[in-house]
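# Architecture at a glance
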Amino acid sequence: MTNMEVVVEGNCYVSGRMERCCIGIENGRIQKVAKLIEGEKVFRFGTKIVLPAAIDAHVHFRDPGLTQNEDFGTGSLAAIHGGVTCVFDMPNTKPPTTTLSALRDKKKIASSKSMVDFGLFAGVRPGLDVEAMAKEAIGFKLYMASTTGELMVPSLESVKKEIAAIATTRKVLAVHAEDESLRRKEIEESLEDHLRNRNNECESSAIRKVKVAANGCKLHICHVSGKASLPLIQGVPNLTSEITPHHLLFDISSKLGTLAKVNPPLRKRDDRHALFQALKEGVFDMIASDHAPHAIDEKKEDFDYAPTGMPGVETMVPLMLNLVKERHLDITGAVGMLSERPGEVYGLAKGKIAPGYDADLIVVDMTHSTIIKADNLHSKCGWTAYQDMPGIFPQTVFLRGQLMVENGSQVGERMGRDVLGSR
Ligand SMILES: [Zn+2]
C-alpha cells in the first residue's frame, strides 16, 4: 500500500455517524477513508472529533470599498479560526458586484488576501448580464428591500428578464426577502421599533411574491426570521433556506440595542422559539452567519442612524457546537446545515468527509467550551454580540489538507481560492 501525503486520524464524522478511522489525503483531496492508512505526514487526534469544516454561504467581507470595517484578509482570518474554510461573499460592496469587471476585481482582491476558499455573489439589477456573470459567480443575490448598500431592485417586475435568465443557468438565486412596499419608515429608538418597521408580514409577503416570480429558479431564502415564514418554505420544490445564529439566539428582549440591529430584524420570543423548533425538525438547509461587520463607532450612533448587521463568521460553528453539547441540536443536524447542505446546494466537492471531497476538516474537543471574548476574535470590527457566551472553537483546522490553525492559532499561509476555479 502506498503512503498517502497526509493522514488525519480521529473520531471522524463519516456518512452520518462518528467513526474511529483515518482520512487519507492527496493533493488536498480526500482519497480514502479507512480504519488504517499509512501516511507521510500523520496527524493523530485520538478520541477528538473530526468534522467537515463549515461553508458559510452568507458573508459580507466589505471588500472593496468598505474596508474600514472588514477586508478579505481579516474576514477570512476570522472565518478560519471559527472552523469555516469556505465563504460566499455578498455583492453589496463598493462598487456593487453587478458587473463582470467588478466581479473580477473582487476576485483578484479575494485571491490575494483570503485565508479560505470563496465564492462571489453577483447582485441582481435590471440589465444585468446574467450569462456572463453566471460563469464566474457562485450565485445571484436579490435584494427586495432597502438595507446596507444600494442593491434594492425597484420591483420584481423590473428584473423579470434577469430572473428568467438565471433560471436557465441553474445557479442559485439567493433572496433578501423583505417587502419594501410594506416596510414602515418611522423613527426607531429600539429593537421593538425596528421590528415594527419590518414586521413579520414584511418578510412573509416577500417570500410569497418571490416564489411566484421565481420562474423555475433555484430559489434560496436567506436568513429566515419569522414564524409566519416557516410554512412558506417547507416542502417547496426548488426552494432552500438558511437561518442565522443571531435569529436563533436573540430576540427583541435583548439588551444589546444597536449591536443587535439587523435586517431582517430580531423578532419576538415566540418567533425565536418557532425557529428553534423548525431547526430541530430540519426545516432549514443551512446555517449561515450573515457576517456583517460595522465599526463600533457607527453602531454607537443613535438607534435610528446606526447601521444594520453584526459580525458572526467566527462564532457560528462554536455557537452551534455548543448547542450540540447542550443537547439542543444533534451533530447530524449541525454538520448537515453547516457543511453538507451548503456544499450540495451550491454543487461543490466540499462539506463532507468522503473520497473526492476537499480535505477541509476541523478538529474539536466537545468537552471544551470557551467564553467568547471580542478580544480573541479576528474581525476588524473588534466587537461581538456574543460576548461572554460559551462556544466550542475548533482547535485544529485544515484547508485542502493544509494545516491552517493549530491549537487555536494560525499556522498556515494564505491559500484561499475561488471555488469555481480560475476560469
Ligand atoms: Zn446579508
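Described below are features of the structure shown in this document.

About the cut-offs
- Residues numbered from 1 in each chain as written.
- Predicted model: local features only at pLDDT ≥ 70, side-chain atom pairs only at ≥ 80, totals over all residues.
- Heavy atoms only, no water.
- Helix = DSSP H or I, 4+ residues; strand = E, 2+ residues; numbered from the N terminus.
- Rg over C-alpha atoms; globule rule 2.2 N^0.38 Å.
- Buried < 20%, exposed > 50% of the residue type's maximum accessible area, 1.4 Å probe, protein only.
- Contact = heavy atoms within 4.5 Å.
- Areas by Shrake-Rupley, 256 points an atom, 1.4 Å probe, with all protein chains shown as cover.
- Pairing = 2+ DSSP bridges.
- Axes fitted to C-alpha atoms, helices over the stretch in contact; angles between N-to-C directions.
- Lys, Arg positive; Asp, Glu negative; His and termini not counted.
- Salt bridge = Lys/Arg side-chain N within 4 Å of Asp/Glu carboxyl O.
- Polar contact = N/O pair within 3.5 Å; in protein donor to acceptor, adjacent residues only side chain to side chain.
- Donors = N, O, S within 2.8 Å, 3.2 Å for Na, K, Ca; no water.
- Phe/Tyr/Trp six-rings, centres within 6.5 Å; stacked < 30°, edge-to-face > 60°.
- Core = buried A, V, L, I, M, F, W, Y, C linked by side-chain atoms within 4.5 Å.
- Expected span 1.5 Å × (residues − 1).
- Patch = residues over 30% accessible without salt bridge, like charges linked within 9 Å, V, L, I, M, F, W, Y side chains within 5 Å.
- Charge placed at Lys NZ, Arg CZ, Asp CG, Glu CD.

## A word on the overall build of the chain
Secondary structure assignment for the chain yields 12 helices and 18 strands. A globule of 423 residues ought to have a C-alpha radius of gyration of about 22 Å, and the chain, at 20 Å, matches this closely. Projected onto its principal axes, the C-alpha coordinates of the chain cover approximately 65 × 45 × 40 Å. In the chain, which comprises 423 residues, the proportion classed as buried is 62%. The long-range fraction of contacts in the chain, counting pairs at least 24 apart against all pairs at least 6 apart in sequence, stands at 72%. Summed over its atoms, the accessible surface of the chain is roughly 16300 Å², and 49% of this surface lies on carbon and sulfur atoms.

## Focus on the sheet that holds strand β9 (residues 172-176)
An order of β5-β6-β7-β8-β9-β10-β11-β12 is seen for the eight strands of this open sheet, with the pairing classed as parallel. On the outer flanks of this sheet lie β5 (54-59) and β12 (286-287), each paired with one strand and no other. Strands β6 (84-89) and β7 (117-123) of the sheet are contacted by helix α1 (residues 72-81), whose axis makes an angle of about 135 degrees with β6. Packing against the sheet, helix α2 (residues 100-113) makes contact with β6 and β7, and its axis sits at approximately 160 degrees to β7.

## Let's talk about the side chain of Thr74
Assignment of secondary structure puts Thr74 in helix α1. Setting aside anything within four residues of it in sequence, one finds Thr74 in contact with His378 and Lys380.

## What to know about the side chain of Asp56
Assignment of secondary structure puts Asp56 in strand β5. Summary of buried charges: Asp56 has no salt-bridge partner, and the nearest side chain of opposite charge, Lys141, is 11 Å away. Reaching out from Asp56, the side chain makes a polar contact with the side chain of Ser289 at a distance of 2.5 Å. Setting aside residues no more than four positions away along its own chain, Asp56 makes contact with Val84, Cys86, Val87, Phe88, Ala288, Ser289, Asp290, Val313 and Met316.

## Section: the coordination of the zinc ion
The protein atoms that coordinate the zinc ion are His58 (NE2), His60 (NE2) and Asp290 (OD), at distances of 2.0 to 2.2 Å. Here His60 falls in the buried class, since its relative accessible area comes to 5%.

## Some remarks on the packing of aromatic side chains
One pass over the structure, following the stated rule, counts nine aromatic pairs. Centroid distance Phe43 to Phe398: 5.0 Å. Interplanar angle 75 degrees. Geometry classified as edge-to-face. Residue Phe43 is located in strand β4 (residues 39-52), and its partner Phe398 is located in strand β16 (residues 396-399); the two are separated by 355 residues in the primary sequence. Neither Phe43 nor Phe398 differs from the other in exposure class; each is buried. Summarising the aromatic geometry, the rings of Phe121 and Tyr346 are spaced 6.1 Å apart at their centres and angled 90 degrees between planes, so their arrangement reads as edge-to-face. Linking Phe121 in strand β7 with Tyr346 in the loop between α12 (331-345) and β13 (361-364), this pair joins segments that are 225 residues apart in sequence. Each of the two residues, Phe121 as well as Tyr346, counts as buried.

## Notes on the nonpolar core
By size, the foremost hydrophobic cluster in this structure holds 101 residues, and its most contacted members are Val87, Phe140, Leu142, Leu173 and Phe284. When residues in this core are grouped by element, the largest group, seven residues, is from helix α11 (residues 316-325).

## Points about the environment of Tyr143
For Tyr143, the position within the fold is in strand β8 (residues 139-143). Tyr143 gets classed as buried once you look at its relative accessible area, which sits at 2%. Separated by 37 residues in the primary sequence, Tyr143 and Glu180 place their C-alpha atoms 9.6 Å from one another. Those residues in contact with Tyr143 that lie beyond four places of it in its chain are His60, Met90, Pro91, Asn92, Leu151, Met152, Val153 and His176. A polar contact of 3.3 Å, which involves the side chain of Tyr143, links it to the side chain of Lys141.

## So, the environment of Glu162
Looking at the element boundaries, Glu162 is found in helix α4 (residues 160-169). Placed 150 residues apart in sequence, Glu162 and Gly312 show a C-alpha to C-alpha distance of 31 Å. Ignoring sequence-local partners within four residues, the contact set of Glu162 consists of Val124, Arg125, Pro126, Gly127, Leu128 and Val130. Separated by 2.7 Å, the side chain of Glu162 and the backbone nitrogen of Gly127 make a polar contact.

## Things to note about the sheet that holds strand β2 (residues 17-26)
Strand order in the open sheet formed by eight strands is β3-β2-β1-β4-β13-β16-β17-β18, with mixed pairing between adjacent strands. This sheet does not close on itself; its edge strands, each paired only once, are β3 (29-34) and β18 (409-410). Where β2 and β3 come together, five bridges link them in antiparallel fashion. Within β3, the residue paired with Ile25 across the bridge is Ile30.

## A few points about helix α9 (residues 269-280)
Here α9 is 12 residues long and its end C-alpha atoms lie 17 Å apart, about the 16 Å a rise of 1.5 Å per residue gives. For α9, the set of buried residues is Asp271, Arg272, Ala274, Leu275, Phe276, Ala278 and Leu279. Just past α9, the residue Gly282 takes up positive phi, approximately 80 degrees.

## Examining a negative patch on the surface
The grouping of Glu189, Asp297, Glu301, Asp302 and Asp304 at the surface amounts to a negative patch. Assignment of secondary structure puts Glu301 in the loop between α10 (296-299) and α11. Given the relative accessible area of 39%, Glu301 is considered partly exposed.

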